[in-house]
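# Chain and residue survey
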Amino acid sequence: MIMKRYFWSLIQKFTEFFGRRKNGASVLMFHNVSDDISLWNDKSIAIKAESFEKLISGLAENEAKFEPVEKLECAVKNNAFIITFDDMFLSAYKNALPVLEKNGIPYCVFISEKYIGEDGYISEKEIKLLSDNPLCTVGFHSVSHKMFRFMSAGQAEKELDCNSLTEITGQKPEYFAFPYGSLYACGYRAAEPAKKKYKYAFSTVSARCTESQMIKKPYYLPRINVNEENYQKFL
Ligand SMILES: [Zn+2]
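Below or above, wherever it landed, is the structure these notes cover. Predicted model, so just to flag it, every value in this text is computed and none were measured. (Residues numbered from 1 in each chain as written. Predicted model: local features only at pLDDT ≥ 70, side-chain atom pairs only at ≥ 80, totals over all residues.)

## Considerations on the overall build of the protein
Assigned secondary structure in the protein consists of 11 helices and nine strands. In terms of C-alpha radius of gyration, the protein reaches 17 Å, essentially the compact-globule figure of 18 Å for 235 residues. Counting only C-alpha atoms and orienting by the principal axes, one finds that the protein spans roughly 45 × 40 × 35 Å. Residues counted as buried form 40% of the 235 residues belonging to the protein. In the protein, the share of contacts with a sequence separation of at least 24, taken over all contacts with a separation of at least 6, comes to 68%. (Helix = DSSP H or I, 4+ residues; strand = E, 2+ residues; numbered from the N terminus. Rg over C-alpha atoms; globule rule 2.2 N^0.38 Å. Buried ≥ 20, exposed ≤ 12 C-beta atoms within 10 Å, placed from the backbone. Contact = placed C-beta atoms within 7 Å.)

## Some thoughts on the nonpolar core
Of all hydrophobic cores here, the largest spans 61 residues; its most connected members are L28, F30, I82, A92, V109 and A201. At five residues, strand β5 (residues 107–111) tops the list of elements feeding residues into this core. Excluding anything up to four places from it in sequence, F30 contacts I47, F85, A92, A96 and V226. (Core = buried A, V, L, I, M, F, W, Y, C linked by C-beta atoms within 7 Å.)

## Some points on the pairing of β5
The element β5 is largely enclosed, with a buried count of five among its five residues. In this sheet, β5 lies alongside strand β4 (residues 81–86) in parallel orientation, the contact comprising four bridges. Looking at the pairing, F85 lines up with V109 of β5. Sheet topology note: the β5/strand β6 (residues 136–140) ladder contains five bridges and is parallel. Along β6, the bridge assignment pairs I111 with F140. You can see the chain leave β5, run along helix α6 (residues 124–132) and come back into β6, and the turn it takes is right-handed. (Pairing = 2+ DSSP bridges. Right-handed = clockwise from strand over helix to strand, strands pointing away.)

## Some remarks on the environment of T169
Tracing the chain through its elements places T169 in helix α8 (residues 163–169). The class for T169 is partly exposed, based on 17 C-beta atoms found within 10 Å. Measuring from C-alpha to C-alpha, the distance between T169 and H31 comes to 21 Å, with 138 residues separating the pair along the chain.

## Examining unusual backbone geometry
Positioned with a positive phi, D87 is a non-glycine residue whose angle comes to about 75 degrees. With respect to the helices and strands, the residue D87 is situated in the loop between β4 and α4 (90–95). A residue is classified by how many C-beta atoms lie within 10 Å of it, and D87, with 23 of them, is buried. Even without being glycine, S142 reaches a positive phi, approximately 85 degrees. Relative to the helices and strands, S142 is located in the loop between β6 and α7 (153–159).

## Considering the environment of K125
Residue position: K125 is located in helix α6. Put simply, K125 and A60 are 65 residues apart on the chain and 30 Å apart in space, counted from C-alpha to C-alpha.

## Quick notes on the environment of Y180
Take Y180: it is sitting in the loop between β7 (175–177) and α9 (187–191). For the pair Y180 and V205, spaced 25 residues apart in sequence, the C-alpha separation works out to 10.0 Å. In this structure Y180 touches M147, A185, C186 and T204, once residues within four positions along its chain are discounted.

## Things to note about the pairing of β4
A regular strand carries its side chains on alternate faces of the sheet. For β4, the buried fraction is high: six of the six residues fall into the buried class. Across the two faces of β4 the burial is the same, with F81, I83 and F85 and I82, T84 and D86 all buried.

## So, helix α2 (residues 49–61)
Under the 1.5 Å per step criterion, the end-to-end length of α2 is 18 Å for 13 residues, consistent within 8% with the ideal 18 Å. The secondary structure elements touched by the buried residues of α2 are β2 (32–33), β3 (46–47), β4, α4 and α5 (97–103). (Expected span 1.5 Å × (residues − 1).)

Here's what the structure looks like:
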């Protein structure tokens, strides 16, 4: 198991290294956004609220373009940014979304049924508000937030079933993000069932998203994890 994980993380590093591009959409992924580092269970997916604000205002000052996920095709052509959040931590809801709202920047939240209303995450009430918000797109992030690699076809099918979220928002989500999303946790083959159910699905393979990827693997598009360690490289 450890060897397999190591093997796939090596393959992912190669994929990311050879997949470096100057053009394409940068689909940025955030999780925990908090100045209180005691709330950081995993620092690889955490950024301070002040750093998030610095990043967004810095990008806006550099005249970066921001697009909603619905305009991914345009974003790919314009080298634009798409802002996404996974799991929807309460910290991101309270600290990051107001910054985006203030600047009129669109964003997408990927909700897993598992975390709805759990301690530290948003509940149905906030999800409803987000689904009515014109700047926000609500996407799905699986039923139980498990790695797709280890699922049978039937299980994967169940995990992609967004009925619970559709009931809350009244709209069927068109976008999906794989939990963990790495080549080890998911990979192309395990991601394929998403093709039938969603317009686009996202991995956590870190690269810019290009037109050819959208044609070849719309169910496993790259996305860039942003955290306290790396956010400055976007400025
Ligand atoms: Zn997640």
